[in-house]
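# Understanding the architecture of this molecule
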Amino acid sequence: MEGRNTGLRSIFIIFWVIGSIFWVLIGALDGDFMRSVITIAIGWVILFLYFWLKDEYMRKKWGDQEEE
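The structure reproduced in this document is the subject of the present report.

Basis of the calculations
The residue numbering used here restarts from 1 in each chain and proceeds along that chain's sequence as written. Residues qualify for local features only when their pLDDT is at least 70, as the model is predicted, and side-chain atom pairs are given and counted only at 80 or more; totals for whole chains, interfaces and linings, by contrast, use all residues. Excluded from the side-chain calculations are hydrogens and water; all other atoms, namely the structure's heavy atoms, are used. Only DSSP runs of H or I covering at least 4 residues are called helices, and only runs of E covering at least 2 are called strands; the numbering of each starts at the N terminus. Residue burial is assigned from relative accessible area. The probe radius is 1.4 Å, only protein chains are included, and a residue is buried under 20% of its type maximum, exposed over 50%, and partly exposed in between. Using a 1.4 Å probe, accessible areas were evaluated by the Shrake-Rupley method; residue-level cover was limited to the displayed protein chains. What makes two residues a contact is simply this: any of their non-hydrogen atoms within 4.5 Å. Criterion for a salt bridge: a side-chain nitrogen of Lys or Arg within 4 Å of a carboxyl oxygen of Asp or Glu. Only Phe, Tyr and Trp rings take part, Trp by its six-membered ring, and two of them pair if their centres are within 6.5 Å. Stacked means planes under 30 degrees apart, edge-to-face means over 60, and tilted covers everything else.

## With respect to the overall build of the protein chain
Helix and strand content of the protein chain: two helices and zero strands. Residues counted as buried form 13% of the 68 residues belonging to the protein chain. Accessible area for the protein chain stands at about 5800 Å²; split by element, carbon and sulfur atoms hold 70% of it.

And the structure:
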């Protein structure tokens, strides 16, 4: 399973990091820094939960097909 969509995932994470930095900066300029950090933290949790679930699904899907 290694090597599947790793380039796309890397690009997505790079843009997510850049977006997170801008979101925190906007929160700091707006004066509501903690709310901005909490929003980013929730977004990162959702992102990694999605990647984990997708990896588990793909591992199960491709693992089942290799056994046949």
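## Description of the environment of W23
With respect to the helices and strands, W23 occurs in helix α1 (residues 6-30). Since its relative accessible area comes to 46%, W23 is described here as partly exposed. Once the C-alpha coordinates of W23 and V37 are considered, the two residues, 14 residues apart in sequence, prove to be 8.3 Å apart. Each residue touching W23, except ones within four places of it in the same chain, is listed here: S36, T39 and I40.

## Section: the pattern of salt bridges
All chains considered together, the criterion is met by two salt bridges. For R35, the salt bridge identified is with D32, shortest N-O distance 3.5 Å. The exposure class assigned to R35 is exposed, which follows from its relative accessible area of 58%. Of the charged contacts in the structure, one is a salt bridge between R59 and E56, with a shortest N-O distance of 2.7 Å. Residue R59 and its partner E56 are located together in helix α2 (residues 33-67), separated by three residues, close to a single helical turn. On the basis of relative accessible area, R59 is assigned to the partly exposed category, the value being 46%. Since its relative accessible area comes to 35%, E56 is described here as partly exposed.

## So, the packing of aromatic side chains
Here the structure, examined in full by the defined rule, presents five aromatic pairs. Considering the side-chain rings of Y50 and F51, the 5.7 Å spacing of their centres and the 50° angle between planes classify their relative orientation as tilted. We classify Y50 as partly exposed; its relative accessible area is 48%. Members of the aromatic cluster, joined through ring pairs, are F12, W16, W44, F48, Y50 and F51.

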